[in-house]
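Given next are the chains, with one letter for each unit.
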Number of protein chains: 2
Amino acid sequence: MAERKTTWKSVRDRVRDDILAGRFKPGDRLPRDADFADTLNCARSTVQRAMQDLVDSGLIERRRKGGTHVRREPIARATLDIRVTRLEIEQSGREYGYQLISLKEAVPPVSVLAKLGIAAPRPLLRADALHLADGRPYILEERWICTQTTPEILQVDLTRISANEWLIKNKPYSRYELRLYAQKASATTAQQMEIDQGDALFVIERATFEDERPITLVKSFAQPGYQLVATT
Amino acid sequence: MAERKTTWKSVRDRVRDDILAGRFKPGDRLPRDADFADTLNCARSTVQRAMQDLVDSGLIERRRKGGTHVRREPIARATLDIRVTRLEIEQSGREYGYQLISLKEAVPPVSVLAKLGIAAPRPLLRADALHLADGRPYILEERWICTQTTPEILQVDLTRISANEWLIKNKPYSRYELRLYAQKASATTAQQMEIDQGDALFVIERATFEDERPITLVKSFAQPGYQLVATT
DNA sequence: ATTGCTATTATGTCGCTACATAATAAGTCA
DNA sequence: TGACTTATTATGTAGCGACATAATAGCAAT
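Residues numbered from 1 in each chain as written. Chains lettered and ligands numbered in written order. Predicted model: local features only at pLDDT ≥ 70, side-chain atom pairs only at ≥ 80, totals over all residues. Heavy atoms only, no water.

**Q** In this structure, what is going on with the protein's contact with DNA strand C? I would like to understand it.
**A** Around DNA strand C lies a shell of 24 residues, among which T7, W8 and T46 of chain A together with R62 and R64 of chain B are the nearest. Taking all atoms of DNA strand C within 4 Å of the protein, the share assigned to sugar and phosphate is 69%. A distance of 2.8 Å separates a phosphate oxygen of DNA strand C from a polar atom in the backbone of W8 of chain A. Between DNA strand C and R44 of chain B there is a distance of 2.8 Å, counted from a base oxygen to a side-chain nitrogen or oxygen. For the surface near DNA strand C, the elements supplying multiple residues, two or more each, are α3 (44-56) of chain A together with α3 (44-56), β1 (60-63) and β2 (67-70) of chain B. For the surface near DNA strand C, the leading source of residues is α3 of chain A, giving four residues. (Near = heavy atom within 4 Å. Polar contact = N/O pair within 3.5 Å; in protein donor to acceptor, adjacent residues only side chain to side chain. Helix = DSSP H or I, 4+ residues; strand = E, 2+ residues; numbered from the N terminus.)

**Q** What's the story with the interface of chain B and chain A in this structure? I'm lost.
**A** Contact with chain B, which involves 42 residues of that partner, is made by 42 residues of chain A. Buried area between chain B and chain A, summed over both chains or domains, comes out near 4000 Å², and the portion from carbon and sulfur atoms is 56%. Broken down residue by residue, the surface that chain B buries against chain A is led by L20, A76 and Y176 of chain B, which jointly contribute 15%. The interface formed by chain B and chain A holds five salt bridges in total. Between R77 of chain A and D81 of chain B there is a salt bridge whose closest N-O contact spans 2.8 Å. Run the count over chain B and chain A and you get 18 residue pairs in polar contact (both at pLDDT 80 or more). Of all the secondary-structure elements, those providing two or more residues to the side of chain B that touches chain A are β3 (76-82), α4 (85-90), α6 (163-170), β7 (175-184), β8 (200-210) and β10 (228-230) of chain B. The greatest single-element share of the side of chain B that touches chain A, amounting to nine residues, is contributed by β7 of chain B. By the bridge criterion, three bridges tie strand β7 (residues 175-184) of chain A to β10 of chain B in an arrangement that is antiparallel. Counted as the bridge partner of R179 of chain A is V229 of chain B from β10 of chain B. (Contact = heavy atoms within 4.5 Å. Buried area = accessible area lost by both parts, 1.4 Å probe. Salt bridge = Lys/Arg side-chain N within 4 Å of Asp/Glu carboxyl O. Pairing = 2+ DSSP bridges.)

**Q** Got a minute to help me understand the sheet that holds strand β6 (residues 136-145) of chain A in this structure?
**A** Strands belonging to one sheet form pairs held by backbone hydrogen bonds; the direction of such a pair is parallel or antiparallel. Spatially, β4(A)-β5(A)-β6(A)-β9(A)-β8(A)-β7(A)-β10(B) is the arrangement adopted by the seven strands of the open sheet, whose pairing is antiparallel. One side of each edge strand has no neighbouring strand; the edge strands of this open sheet are β4 (96-106) of chain A together with β10 of chain B. Each adjacent strand pair in this sheet contributes to an overall mean axis angle of 15°, direction not counted. Along the sheet, helix α6 (residues 163-170) of chain A makes contact with β4, β5 (124-133), β6, β8 (200-210) and β9 (213-222) of chain A, crossing β6 of chain A at roughly 55°. (Axes fitted to C-alpha atoms, helices over the stretch in contact; angles between N-to-C directions.)

**Q** Would you take a moment to explain the packing of helix α1 (residues 8-20) of chain A against α3 of chain A for this structure?
**A** Relative orientation and spacing of two packed helices are given, respectively, by the angle between their axes and the distance between those axes. All names here are of chain A. At a closest axis distance of 8 Å, the pairing of α1 and α3 adopts a crossing angle of 55°. Taken together, the axes of α1 and α3 are oblique relative to one another. Crossing of α1 against α3: the hand is right-handed. Across from W8, V11, R12, V15 and R16 in α1, the residues of α3 making contact are T46, V47, R49, A50, M51, D53 and L54. Of the residues belonging to the contact of α1 with α3, the class tally is seven nonpolar, one polar and four charged. (Parallel < 35°, antiparallel > 145°, perpendicular 65-115°, else oblique. Left-handed = near helix turned anticlockwise from the far one by under 90°. Nonpolar A, V, L, I, M, F, W, Y, C, P; charged D, E, K, R; others polar.)

**Q** What am I meant to see in α6 of chain A here?
**A** One turn of an α-helix holds 3.6 residues; hence residues three or four places apart share an orientation. Of all eight residues that make up α6 of chain A, six are buried, and the element is covered over most of its length. On its buried face, α6 of chain A is in contact with α4 (85-90), β4, β5, β6, β8 and β9 of chain A. (Buried < 20%, exposed > 50% of the residue type's maximum accessible area, 1.4 Å probe, protein only.)

**Q** It is not clear to me how the packing of aromatic side chains should be interpreted in this structure. Could you clarify?
**A** Each aromatic ring pair is summarised here by two numbers: the centre-to-centre distance and the angle between the ring planes. The tally for this structure, following the rule as stated, stands at seven aromatic pairs over all chains. Ring pairing ties together the aromatic residues Y138, F202 and Y226 of chain A together with Y138, F202 and Y226 of chain B, which thus form one cluster. Across from the ring centre of Y176 of chain A, 5.3 Å away, lies the NZ or CZ of R206 of chain A, which sits over that ring. (Phe/Tyr/Trp six-rings, centres within 6.5 Å; stacked < 30°, edge-to-face > 60°. Lys NZ or Arg CZ within 6 Å of the ring centre and 35° of its normal.)

**Q** What's the story with the nonpolar core in this structure? I'm lost.
**A** The nonpolar side chains of a soluble globular protein tend to be buried with one another. Membership of the largest hydrophobic core comes to 64 residues, with the highest contact counts inside it found for L180 and F202 of chain A together with L180 and F202 of chain B. Not counting the four nearest positions on each side in its chain, L180 of chain A is found in contact with L80, F202, V203, I204 and L228 of chain A together with L80, L180, F202, Y226, Q227 and L228 of chain B. F24, A37, I60 and V70 of chain B belong to the second largest nonpolar core, which has 16 residues in total. (Core = buried A, V, L, I, M, F, W, Y, C linked by side-chain atoms within 4.5 Å.)

**Q** Any chance you could explain the domain arrangement of chain A here in plain terms?
**A** Frequently, the measure chosen for interface size is the accessible area removed from exposure when the parts meet. Examined at the domain level, chain A breaks down into domain 1 (8-70) and domain 2 (85-222). A separation of 43 Å is found between the C-alpha centroids of domain 1 of chain A and domain 2 of chain A. (Domains from an automatic or database assignment.)

**Q** What exactly am I supposed to notice about the relation of the copies chain B and chain A here?
**A** Between the two copies of the chain lies a relationship made up of a rotation around an axis and a movement along it. Of the transformation superimposing chain B on chain A, the axial component is 0.0 Å and the angular component is 180°, with the fit at an RMSD of 0.1 Å. Between the two chains, the operation in question is that of a two-fold axis. When the interface residues of chain B are mapped onto chain A, 100% of them are again interface residues, pointing to one common binding face. (Least-squares fit on C-alpha atoms with pLDDT ≥ 70 in both.)

**Q** What should I look at first to understand the protein's contact with DNA strand D in this one?
**A** Among the 24 residues in the neighbourhood of DNA strand D, the closest are listed as Q48 and R62 of chain A together with T7, W8 and T46 of chain B. One of the backbone nitrogen or oxygen atoms of T7 of chain B is found 3.3 Å away from a phosphate oxygen of DNA strand D. For the surface near DNA strand D, the residue count by class is four nonpolar, eight polar and 12 charged.

**Q** Whenever I open this one, the environment of Q197 of chain B confuses me. Can you help?
**A** Residue and element names in this part refer to chain B. By secondary structure assignment, the location of Q197 is in the loop between α7 (187-193) and β8. Owing to a relative accessible area of 58%, Q197 belongs among the exposed residues under this scheme. Sequence-wise, Q197 and I82 are 115 residues apart; in three dimensions their C-alpha atoms are separated by 27 Å. Aside from chain neighbours lying at most four places away, what touches Q197 is A185, S186, A187 and A190.

Right, dumping it as structure tokens:
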């Protein structure tokens, strides 16, 4: 059909362009949805959908009765996709390798307990492992696993399958916290990753929970040069 | 009213729980929207909205005619909010300070040109500046600004207002690319940030565009200890 | 067997209506 | 004047119907 319908995406783009072109400035109030629908000759629900998308992308704010406003202090919102390490390596065309470094039960430091929301110190399972790309160390993970919420992990042969992979396949989570930062490689880490002590490592720290019950906390140290790319 | 309506969020949560509890496994096909709507006694549009949300969060995949499937290789999707540096500092209760380090026109290295999608080398404006929190260096930014797309920047007194702030307020972008990585502090950087040479810095590199026309490329070096937190 | 058409199926999108809800403004009574 | 109530307003959500679209399966002709 030659006839173009007004899709909600076209409405969104139009409004976004108006904002980007400065026809609506930060803090400005936009017309009501109903008016927009009127001028654009479409239904209010279509405008609603468009507006909601702009809210999600951080460009506008809406309040009942208060109306729709362009955000005063714009934020850049980006989405990160964190894949299983094996796939990340394989999909970049390199060969994946895995190696368990150590496995033991121990009482973690308070900082770890705090991030997992555990009040009383108790021993957790500590699994350190190396993910290799084309035979070279790529990511080193230091992981604490809550044996109380995931006792099945004790039956898993972690020398053959990584905790990363097993957990994702077998222990779904409902919520997680991500922290990204940089850290100098310690002597031990440097040796394990075959780099120099003091090299700058990119660290992805992730704590996962199911219904507020902690599952695991993992620090992934990435090889120098590693970049995390986010999309708009 | 005591009567509970079935909201699309409740549908989403129910389906999500089914998946998380393993009642649907990775790769499994879910019932059709219409069937879901039937058993849950709600409209198909409500199911549609719920499903779309699960697609956005990376839990399921949908294809026309193909139906809805649980993703085989789950991904963790997180959202990053990047605020204006001044606000980031002020909202954490510290005093914001700003200092221009240098300003000049120069031809950037090819790596910079490439990231901005500029084919023929040409001079850009280079502005280095320091953002301070409670008087101490917090973020050092090395910025290239495209004077061709943003000539107005030349009239701005960058000793008083940061390019970060001016651009965000005055030069909207339609797209950007984010790269996160770790880097060792060079001698110069270390001196400017009052840290030791070789310290691990967290780098946020951002290139912004309007309609494929490059606006700016900025590398933000964050003080050791800086953490970027992402939300689920 | 291969190509091409057609029917089928499940999701995607839009319009319309109706009502819910939050925030505010206006009005009322002591 | 101040506290309480009520009306108004704009967004949020749900239902229903209709048609669009992509992917597939089945069938037919060569």
